[in-house]
Amino acid sequence: MWSVSPSSRTGTAPGRSGGPRGVGMPQKDGSTYVASDHEFTGWLTRRPSVRGLRDQDWIYLDSCWTGGVYGGNAGAFSNWAASVPPVPDPLADIPIAQVVANGTRKRVRAGDRAIAYSQATPHSPVWFAVYTDARGRPGRLLEFWPEPRDAELADLARTAGLHSGPGPVPRDVLDRTLRLVRALRHAFGPGVGPAFAPGIGQDPSYDDLLRGIGALELMRQNDPHLNDMGPFTLELFQRAALANLRDHGGGVRPPDVGAYRDLLARAAGASPGTRLTDFVRVPFLAMVTQRTRNFRDLRAAAIQVLRLDPGATVGPAEISRFYWAQVKSAEWFSSLPDVHTTALVALHLPAPDPSKRAELGWLATRAIAAGRDPYNVVELAAFHLEELGALDARTLTHDAHGRPNGRNWGATDRRTARGGRRTPRPRPRTPRPRRGEDGRRTRCPPVRRQRDAVERVAAERVAVERPSARRAPAPAVRRRPGHRPDHLGAQGHGRARPFWSHRAGLTVRHPRYAGHSCRRRLVPHAPVRPAPDAAADPGRGLDEPGGSDGRGGPGAGRGRSRHIRHGRG
């Protein structure tokens, strides 16, 4: 169960399956109980082997997903290659591994996706493997150091300038200080500053960094353009560093550790009362704030864009998500080299339509809020198909055992029009034969397409380019094991259409069609990342996301492993 290697004094917990929401704990009766992060941490802290670890020892969590934190319904899957959305606010939500580090007061290493140990031979080194997702995005082995407790946070709050005087530090100030500590760790790594655990040294420059980021937080509070748009976020920190780098001779490039240090050093020397939008030039922030305040019903707009329940509470966290989704959408919109072509593909239009600019902007805003990447036009168009109902339960097809195995976007039984049960109606056809690798004649299976949108040329381009981008969010599919073949068929007008398996998410891997690939590239590449000083308004002329131009409102493939050479010693 739990063991400690005598040679390395490194604790490991082998054999436990994990997920973003909990760790599977085997029970005496043979069942498995999924323990929450705090339950799992409590179990570890009671183990004599954990209590016997030295201050300098590490804990390795050999449970999948425990090093990552994800948004949405990330726990509703079992596919190791599932593409799950990122967490909206990584300064508020932390992974299981960080909770373990906080509870045990030990440093922890864990993978943010499915993991495994492997050896080429019994005597070769052990490799720690972290799997990619179906889109080829690699997993990572991450380190987590204990976070400060309340007494330590109180001292840090005074160092940061968020509190003065000998009295107790209010709870909200402690929470804000913890967000700043986490932001510094995201920028400089988990080892920056005190380890908040015995036996580990401290970065001598940490107090200066903390004063600088505390000054940024006070600037945000003093700024009328930002003080009611949610708390300090990584998005704000990153854009401030990028603008400071650009305006002080560093050029336009992603900020590195040096850029963050320069920003914080300059912020620490700023005059009291400085506003953040005067300190750094980020044009979208004030523009989006003004637009957000102009909504007739801000709560309804946030619920619609964030896909919340109608009765959900809209507090500072939700307003922050809504605000930053709009900022990112404005940045993306300003980067588009050809708005009309992007709208043609993303909105599945039959022809370019200049009146769809606002609809395109709000589509990107909703996609960003859902954790999608609008810079990938295929992913954006897939999100639009999802809004049209392409992933609704009524489009699912099932195998002989009643398990979901695909989608039917073609014709349906006439009972659908009368409100009856939606039943797929087969449309047999004989596709054009082609030759496989073995020289035998083979066929591309048909793709059934949705008549109202998918039959259009733009929708076909999306389907051909990246099926994993379209199908990754489907909950019914991402619960299927990664080794089970699952495919989307195609049926076209007079010719065969491409077909793909979700195993690797690119080409066919089905015994009947082995050795034959039907993949084609028809979609233009996504636009480049935005210039930091560009300005545009994706919602110009549209004051509500549900207006005349707006729309109301894991599984993919089997991943590949990314090996990190790592011996147990």
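A quick note: this is a predicted structure, and the numbers were derived from the prediction, not measured. (Residues numbered from 1 in each chain as written. Predicted model: local features only at pLDDT ≥ 70, side-chain atom pairs only at ≥ 80, totals over all residues. Heavy atoms only, no water.)

**A few points about the overall build of the protein chain**
For step 1, the next point in the chain: In terms of helices and strands, the protein chain carries 18 helices and 17 strands.
For step 2, the next point in the chain: On the protein chain, roughly 25700 Å² of surface is accessible, and the fraction owed to carbon and sulfur atoms is 51%. (Helix = DSSP H or I, 4+ residues; strand = E, 2+ residues; numbered from the N terminus. Areas by Shrake-Rupley, 256 points an atom, 1.4 Å probe, with all protein chains shown as cover.)

**Things to note about the side chain of Asp112**
For step 1, the next point in the chain: Relative to the elements of secondary structure, Asp112 occurs in the loop between strand E7 (107-111) and strand E8 (115-118).
For step 2, the next point in the chain: Residue class for Asp112 comes out buried when judged on its relative accessible area of 7%.
For step 3, the next point in the chain: A distance of 2.7 Å separates a polar side-chain atom of Asp112 from the backbone nitrogen of Arg140. (Buried < 20%, exposed > 50% of the residue type's maximum accessible area, 1.4 Å probe, protein only. Polar contact = N/O pair within 3.5 Å; in protein donor to acceptor, adjacent residues only side chain to side chain.)

**Observations concerning the packing of helix H5 (residues 171-188) against helix H6 (residues 206-222)**
For step 1, the next point in the chain: Two elements in contact, H5 and H6, have axes separated by 10 Å at closest approach and are oriented at 120 degrees. Classified by the interaxial angle, the pair formed by H5 and H6 is oblique. For the pair H5 and H6, the crossing hand works out as right-handed. Within the contact between the two elements, H5 uses Arg176, Leu180, Val181, Ala183, Leu184 and Phe188 and H6 uses Tyr206, Leu209, Leu210, Ile213, Gly214, Glu217, Leu218 and Gln221.
For step 2, the next point in the chain: Residue composition of the contact of H5 with H6, grouped by class: 10 nonpolar, two polar and two charged. (Axes fitted to C-alpha atoms, helices over the stretch in contact; angles between N-to-C directions. Parallel < 35°, antiparallel > 145°, perpendicular 65-115°, else oblique. Left-handed = near helix turned anticlockwise from the far one by under 90°. Contact = heavy atoms within 4.5 Å. Nonpolar A, V, L, I, M, F, W, Y, C, P; charged D, E, K, R; others polar.)

**Digging into the pairing of strand E9 (residues 127-131)**
For step 1, the next point in the chain: Extensive coverage of E9 is indicated by the burial of four of its five residues.
For step 2, the next point in the chain: Inspection of the sheet shows E8 paired to E9 by four bridges, in the antiparallel sense. In the sheet register, Ile115 faces E9, and the bridge partner there is Val130. (Pairing = 2+ DSSP bridges.)

**Comments concerning the pattern of salt bridges**
For step 1, the next point in the chain: For the structure shown, the criterion picks out 25 salt bridges.
For step 2, the next point in the chain: Here Asp208 makes a salt bridge to Arg211, at a shortest N to O gap of 3.0 Å. Of the two residues, Asp208 and Arg211 both sit in helix H6, three residues apart, roughly one turn of that helix.
For step 3, the next point in the chain: Here Asp208 falls in the partly exposed class, since its relative accessible area comes to 48%.
For step 4, the next point in the chain: The residue Glu386 makes a salt bridge to Arg372 at a minimum N-O spacing of 3.1 Å. Here Glu386 is found in helix H15 (residues 377-387), whereas its partner Arg372 is found in the loop between helix H14 (357-369) and H15, with 14 residues between them in sequence. There is no split in this pair, since Glu386 and Arg372 are both buried. (Salt bridge = Lys/Arg side-chain N within 4 Å of Asp/Glu carboxyl O.)

**Some points on the packing of helix H11 (residues 298-306) against helix H12 (residues 316-335)**
For step 1, the next point in the chain: Closest axis-to-axis distance for the H11/H12 pair is 10 Å, and the angle between their directions is 70 degrees. Relative to H12, the element H11 is oriented roughly perpendicular. Every pair of crossing elements has a handedness; the one defined by H11 and H12 is left-handed. Residues Leu298, Ala301, Ala302, Val305 and Leu306 of H11 lie in contact with H12, whose contacting residues are Glu318, Ile319, Arg321 and Phe322.
For step 2, the next point in the chain: Looking at the contact of H11 with H12, its residues break down into seven nonpolar, no polar and two charged.

**Examining the sheet that holds strand E4 (residues 22-26)**
For step 1, the next point in the chain: Read across the sheet, three strands follow the order E3-E4-E5 without closing on themselves; strand pairing throughout is antiparallel. Sheet topology places strand E3 (18-19) and strand E5 (32-35) at the edges, where each strand pairs with a single neighbour.
For step 2, the next point in the chain: Here E4 runs beside E5; their pairing, made up of four bridges, is antiparallel. Among the inter-strand pairings, Pro26 is bridged to a residue of E5, identified as Thr32.
For step 3, the next point in the chain: Sheet strands touched by helix H1 (residues 37-45): E4 and E5. Its angle to E5, the strand with the most contacts, is close to 105 degrees.

**Considering the packing of aromatic side chains**
For step 1, the next point in the chain: Within this structure, the stated rule accounts for 11 aromatic pairs.
For step 2, the next point in the chain: Arranged with centres 5.3 Å apart and planes meeting at 75 degrees, the rings of Tyr117 and Phe128 form a pair that is edge-to-face. Of this pair, Tyr117 sits in strand E8 while Phe128 sits in strand E9, and the two are 11 residues apart along the sequence.
For step 3, the next point in the chain: By relative accessible area, Phe128 is classed as buried at 1%.
For step 4, the next point in the chain: A centroid spacing of 6.2 Å and a plane angle of 70 degrees characterise the contact between Trp332 and Phe333, whose relative ring orientation is edge-to-face. Accessibility assignment for this pair places Trp332 and Phe333 in one class, buried.
For step 5, the next point in the chain: Chaining the aromatic ring pairs together yields one cluster made of Phe188, Phe232, Phe237 and Tyr260.
For step 6, the next point in the chain: Here the basic side chain of Arg266 rests over the ring of Phe279, its NZ or CZ set 4.0 Å away from the ring centre. (Phe/Tyr/Trp six-rings, centres within 6.5 Å; stacked < 30°, edge-to-face > 60°. Lys NZ or Arg CZ within 6 Å of the ring centre and 35° of its normal.)

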